[in-house]
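Observations on the model geometry
So the chains spell out like this:
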Amino acid sequence: MADTPTSAPTSTAPELANETARRRTFAIIAHPDAGKTTLTEKLLLYAGMLRTAGMVKNRKTGKMATSDWMTMEQERGISITASVMQFEYKDHIINVLDTPGHQDFSEDTYRTLTAADSAIMVLDASKGVETQTRKLFAACKLRGVPVLTFINKCDLPGRDPLELMTEVEDVLGIQASAMNWPVGMGRDFVGVVDRASADLIVFKKTAAGGSQRAAMERVALSSDQAQTLIGEELAKKMRDDLEMLEIAGNPYSHEAFRRGQITPVFFGSALTNFGIEPFYDAFVDMAPAPSPRQATKLDGTAVTINPITSPFSAYAFKIQANMDPRHRDSLVFVRICSGRFERDIVVKHYHRGAFVREVRLSRPQTLVARDRTTLDVAYPGDVVGLVNAGFAIGDTILAQGGPAKDGFEHAPLPQFPPEVFARVMPSDLTKRKSFDKGIVQLASEGAVQVLRSWDNPMSDPFIAAVGRLQFEVLKYRLKDEYSVEAEINDLPYQCSSWLVGEVDQFKPTHGSYLAKDHRGKPVVLFPSEWDKSYCAKQNPQHQFIEIL
Ligand code: G4P
């Protein structure tokens, strides 16, 4: 059985327990255009962080106020790098981990999900489950992250709610349980029924539209008033739908939700604010606070890290360099898993199973829009940015007394299989030294993965990433930070697998290519999924592993 390291009880213990219990650290996962930005903005609006909505993303320029540090992001008007926002809502501390919303996403997106205790999946009611949502959902499912579903844009003509629920179940392989049900769709969308209380919640448009909170009225569904509010026709449809749900729908189980086996579904419209408040309230109520995580001691034994009773620990899940041209520095984002963080805390630093050093954390930052704020105290669930701290992705920091060998490491971050590949070389061959240095550094930050030919490791490297945008980021940064123009030539591969088994016995199939990853492990690249499964059939004695 895994044991649990404990820190000495201190007078801050009740405060730590209370602060941990009120934290909700989550990511919003969505296909581009489903409404993630709009929903984020409304979460800020309802938390009193914005006076009027419409400030998070300047619609004219498309700029995100939260993450427009890199010039390239500004030029393109998209958020490439993930960041974090913290605010308070009804006595809860909300930490929203921003995952890039562009079509191209990166490993950062996936890694950010490891720092979340839950996720909100936003679906467009007219489109249902789209590709990017599917990939992000799969990453949550892999780790058993509880996911709440918000079916957005109910104010537009959309698909039938029951059909959307079925699609969630069929495509994502999770049970869906409707927590509320829309009254009317499209122009008729006037409210939702809260199934637990059997209350009808009717929303009212205000002159300010979605830029202000929507007024709402709550009445018992069985009351005469309910029918008067929504009219006979909608009331009848409502009753029929609810009856059908009672018979055919999945009952909600909180335990199953916490285990990631059922997703509670809510309907609404982020643009008009209809349904936002009931969803928000249910979210803070249902979504988990930071809970125990598994870690490994240096001798390989498992250990359970309790957020409150274990000593301060955190792990680095993301590195962002040169976010602000005024500070030429890099920021490591660490997610606190246990204990209380204080400025100037002295921690032990562990990297890939080994103790590295002891270090004082003297320049912690939180990020709110573009301003950095110096942070004094933080709790489990919080994300802290550390300036020029010399940590690599996946490293653990730990404030535990005793010898360094008694420390532990948080579970290593999964590496996700890349989907785009290219060969990269410096345009000017005299710059090879800076080029190599840049590639090593950027690969260590996780900006791209670097692969070498299995047979000829000295040849020009291949770069591989989860999304193509990462190549452009690499090119931009090689030029900006290392003064190297790089040539990037796309390669005709679309997927890859780690190869497990005797490499000598591997029989390559037409179009496949054997490479070596940064840890020296064999990776096979394929032109298509079809080629991959064909190759797997031809090599039954080998395993082709998706995610390590
Ligand atoms: P994303 O971050 O997931 O990519 O989506 P975003 O919130 O930017 O929303 C994409 C588009 O969908 C935006 O329109 C936004 O206004 C619209 N939208 C979001 N939620 C709703 C909703 O509940 N109802 C309706 N009707 N529209 C919604 P846009 O044309 O790109 O921008 P804008 O010109 O409207 O600002």
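Within each chain, residue numbers correspond to sequence positions counted from 1 in written order. Since the coordinates come from a predicted model, pLDDT governs what is reported: local features require at least 70, and pairs of side-chain atoms require 80 or more to be given and counted, while whole-chain, interface and lining totals use all residues. Side-chain descriptors were evaluated using all non-hydrogen atoms of the structure, hydrogens and water having been removed beforehand.

A closer look at the overall build of the protein chain
So the rule is basically this: Helix and strand definitions follow DSSP, with helices as H or I runs of at least four residues and strands as E runs of at least two, each counted in order from the N terminus. Burial classification: accessible surface area is computed with a 1.4 Å probe over protein chains only, and a residue below 20% of its type maximum counts as buried, one above 50% as exposed, and the rest as partly exposed. Computed with the Shrake-Rupley method and a 1.4 Å probe, the accessible areas treat only the protein chains shown as cover for residues.
A count of helices and strands for the protein chain gives 13 helices and 34 strands. Looking at the protein chain residue by residue over its 548 residues, the buried ones come to 55%. Surface summary for the protein chain: the accessible area is close to 23,600 Å², and the carbon and sulfur share equals 51%.

Considerations on the environment of Leu172
Applicable threshold: We call two residues in contact when some of their heavy atoms are within 4.5 Å.
Looking at the element boundaries, Leu172 is found in helix α6 (residues 161–172). With 35 residues separating them along the chain, Leu172 and Phe137 place their C-alpha atoms 7.4 Å apart. With residues near it in sequence (within four places) discarded, Leu172 still touches Met121, Val129, Arg134, Phe137, Lys141 and Glu167.

Looking at the pattern of salt bridges
Quick note on the threshold: What makes a salt bridge here is a side-chain nitrogen of Lys or Arg within 4 Å of a carboxyl oxygen of Asp or Glu, nothing more.
Inspection of every chain in the model, using the stated rule, returns 28 salt bridges. The salt bridge involving Arg22 is made with Glu19; its shortest N-O contact spans 3.2 Å. The partner of Arg22 in a salt bridge is Glu88, with the nearest N and O atoms 3.5 Å apart. Of this pair, Arg22 sits in the loop between α1 (13–21) and β1 (23–30) while Glu88 sits in strand β4 (residues 84–89), placing them 66 residues apart in sequence. Looking at Glu88, the relative accessible area reads 41%, which means it is partly exposed. Taken together, the shared-partner salt bridges connect Glu19, Arg22, Arg23, Glu88, Asp91 and Asp382 into one network.

Observations concerning the sheet that holds strand β29 (residues 462–465)
To keep it simple, the criterion reads: Here, strands pair whenever DSSP counts at least two bridges between them. Every axis corresponds to a line fitted to the C-alpha atoms, with the helix fit spanning only the stretch in contact, and the corresponding angles, defined between N-to-C directions, vary from 0 to 180 degrees.
The strand order β30-β27-β29-β28-β32-β33-β31-β34 describes an open sheet built from 8 strands, whose pairing is antiparallel. Each edge of the open sheet carries a strand with a single partner, namely β30 (486–490) and β34 (543–545). Taken pair by pair, the neighbouring strands of this sheet meet at an average axis angle of 40 degrees, ignoring direction. Here 3 bridges tie strand β28 (residues 449–453) to β29, and the two strands are oriented antiparallel to one another. Paired with Gln449 across the strands is Ala464, a residue of β29. Helix α12 (residues 469–482) contacts β27 (420–426), β29 and β30 of the sheet and is inclined by roughly 165 degrees relative to β30.

Here's the deal with the side chain of Asn273
The condition that has to hold: Here a polar contact is taken to be a pair of N or O atoms separated by no more than 3.5 Å, where protein atoms must pair a possible hydrogen donor with a possible acceptor and residues adjacent in sequence count only if both atoms sit in side chains.
Mapping Asn273 onto the fold places it in the loop between β13 (262–267) and α10 (276–286). Here Lys42 takes part through its side chain, which lies 2.8 Å from a polar atom of the side chain of Asn273.

Thoughts on the pairing of β28
On any regular strand, side chains alternate: one points to one face of the sheet, the next to the other face. Extensive coverage of β28 is indicated by the burial of 4 of its 5 residues. Pairing between β28 and strand β32 (residues 513–516): 2 bridges, direction antiparallel. Directly across from Ser453, in β32, lies its bridge partner Ala515.

Some points on the packing of helix α4 (residues 107–114) against helix α5 (residues 131–142)
Put simply, the rule is: By definition, any crossing whose near helix is turned counterclockwise from its far helix by less than a right angle is left-handed, and any crossing with a clockwise turn is right-handed. Residues are sorted three ways: Asp, Glu, Lys and Arg are charged, Ala, Val, Leu, Ile, Met, Phe, Trp, Tyr, Cys and Pro are nonpolar, and all the rest, Gly among them, are polar.
Contact pair α4 / α5: the axes reach a minimum separation of 10 Å and the direction vectors enclose 35 degrees. The two elements α4 and α5 cross, and the hand of that crossing is right-handed. On α5, the residues that touch Thr109, Tyr110 and Leu113 of α4 are Lys135, Leu136, Ala139 and Cys140. Along the lines of polarity and charge, the residues of the contact of α4 with α5 split into 5 nonpolar, 1 polar and 1 charged.

Structural notes on unusual backbone geometry
In the Ramachandran plot, Asn273 falls in the positive-phi region, its phi being about 75 degrees despite a non-glycine side chain. In this structure Asn273 comes out as buried when scored by relative accessible area, which is 1%. The backbone phi angle of Arg352 is positive, close to 40 degrees, even though this residue is not glycine. With respect to the helices and strands, Arg352 occurs in the loop between β19 (345–351) and β20 (354–361). Owing to a relative accessible area of 60%, Arg352 belongs among the exposed residues under this scheme.

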